[in-house]
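Chain by chain, the residues run as shown.
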Amino acid sequence: MFKTLAIFGATGQQGGSVIDYVLNDPELSQQYKIRAITRNVDSVKAQQLKEKVEVVQGDVLNQSSLREALTGAHTIFAMTTPVPGPDALETEYQSAKTIADIAVEKGAEYIIFSTLPSIFEISGGKYTQVTPFEAKAKAERYIRGLPIKSAFFSPGSFMENYQLLPFLRPRQAPDGTWVMIHPMPPKGLLPLIDAVGDTGKFIGAILAEPDNYEGKTFCAATALYSLDEIAAAMSKATGKTIVCRQAAPDEFKKSLPFLALAFNVFTEGFQSIGEFGYYGPNSDRLVAWAAQNARGRLSTFEEYLQTHPLQLE
């Protein structure tokens, strides 16, 4: 008998990756029936999903819709997205809490939550403004205390960000070289993940052996890359000379004209990662374990750039 796998963020990078992976896996596709949950069932992406899986409406601001969406669900892949404003941390936390509480109420047996590490804890309280990380870390702690089996997916920095976030892309300097301005030092390490291509490989491992991974966290990335290594991979892929230069916070802020409210989030986040590690002092070991346990070969950043050419402007 099929188990219903309810997937939040179904039209996005993470949820979409999980859907594609399960549908194309010979074993998992025979164990799980996918129920894609989205706020807008009439969107173009939702309409495309309807050709492959069940699509239902679910919104954390409408608990009755969530109760209906999670009725009969066996396993849930849950995720939340950051929100702006002074109450960002609590608002996002409450979204995750609502999903988890209703999952328990409706009798779901397993929840996989897309989490992030607490920058506050890793930095010993030095950095306090990285609210999306803190909200998810707080939600993870809450879920671990609920009467439901759980496992956690903690993704590294998305390879997609270099295409989707203009302030991370290299910019041309007067001498013709291209410079990637960053608040981290060039030797600072980032765990990189192809979110669309590889999220499903980590979640698939949990779905295939849920008891084995209960309570565990996948610090999900292909590997740790220094900013210098990232710049070198971009140089090779584009044929341009690209270098990384560390910038003071005020200089970095100038690259965020449309993200002024998120300035502290990005700046403090990167500063903490450079100083203490993305997942803390054991980041290399944690990433290596997750990569070894992923269900399938992971994309390197070099391979990602080959299939997703970087557009320099």
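Fair warning: this is a prediction, and the values are worked out from it, not measured in the lab.

J.: Lay out the packing of aromatic side chains with the relevant residues and their values.
T.: Tallied over the entire structure, the rule returns 14 aromatic pairs. Taking the centre distance of 4.9 Å and the plane angle of 75° together, the rings of Phe167 and Phe266 count as edge-to-face. Residue Phe167 is located in the loop between helix H7 (161-164) and strand S8 (171-172), and its partner Phe266 is located in helix H12 (residues 263-276); the two are separated by 99 residues in the primary sequence. With centroids separated by 4.7 Å and ring planes inclined at 65°, the aromatic side chains of Tyr278 and Tyr279 adopt a geometry described as edge-to-face. Side by side, Tyr278 and Tyr279 carry an identical accessibility label, which is buried. Counting every residue linked through ring pairs, the aromatic cluster contains Phe153, Phe202, Tyr213, Phe218 and Trp289.

J.: Please set out the pattern of salt bridges residue by residue, giving values where relevant.
T.: Should their charged atoms come close, side chains of opposite charge can pair. Taken as a whole and assessed by the stated rule, the structure comprises 17 salt bridges. With its nearest N and O atoms 2.4 Å apart, the salt bridge here joins Lys136 to Glu92. Separated by 44 residues along the polypeptide, Lys136 in helix H6 (residues 131-144) and Glu92 in helix H4 (residues 88-105) bring together distant segments of the chain. Across the pair, exposure class does not vary: Lys136 and Glu92 are buried alike. With a closest N to O distance of 2.9 Å, Lys97 and Asp101 form a salt bridge. Note that Lys97 and Asp101 are positioned in helix H4 at a spacing of 4 residues, about one turn of the helix. Salt bridges here are not isolated pairs; linked through shared partners, they connect Asp25, Glu27 and Arg295.

J.: Explain the packing of helix H3 (residues 63-70) against H4 to me, using residue names and the numbers behind them.
T.: It is at 10 Å that the axes of H3 and H4 come closest, and there the two elements cross at 50°. Between H3 and H4, the angle is such that the two are oblique. Considering how the two elements wind past one another, H3 and H4 form a crossing that is right-handed. In contact with Gln63, Leu66, Arg67 and Leu70 of H3, H4 contributes Thr98, Ile99, Ile102, Ala103 and Glu105. Here the contact of H3 with H4 is built from residues that sort into 5 nonpolar, 2 polar and 2 charged.

Cut-offs used in this document
Residues numbered from 1 in each chain as written. Predicted model: local features only at pLDDT ≥ 70, side-chain atom pairs only at ≥ 80, totals over all residues. Heavy atoms only, no water. Phe/Tyr/Trp six-rings, centres within 6.5 Å; stacked < 30°, edge-to-face > 60°. Helix = DSSP H or I, 4+ residues; strand = E, 2+ residues; numbered from the N terminus. Buried < 20%, exposed > 50% of the residue type's maximum accessible area, 1.4 Å probe, protein only. Salt bridge = Lys/Arg side-chain N within 4 Å of Asp/Glu carboxyl O. Axes fitted to C-alpha atoms, helices over the stretch in contact; angles between N-to-C directions. Parallel < 35°, antiparallel > 145°, perpendicular 65-115°, else oblique. Left-handed = near helix turned anticlockwise from the far one by under 90°. Contact = heavy atoms within 4.5 Å. Nonpolar A, V, L, I, M, F, W, Y, C, P; charged D, E, K, R; others polar.

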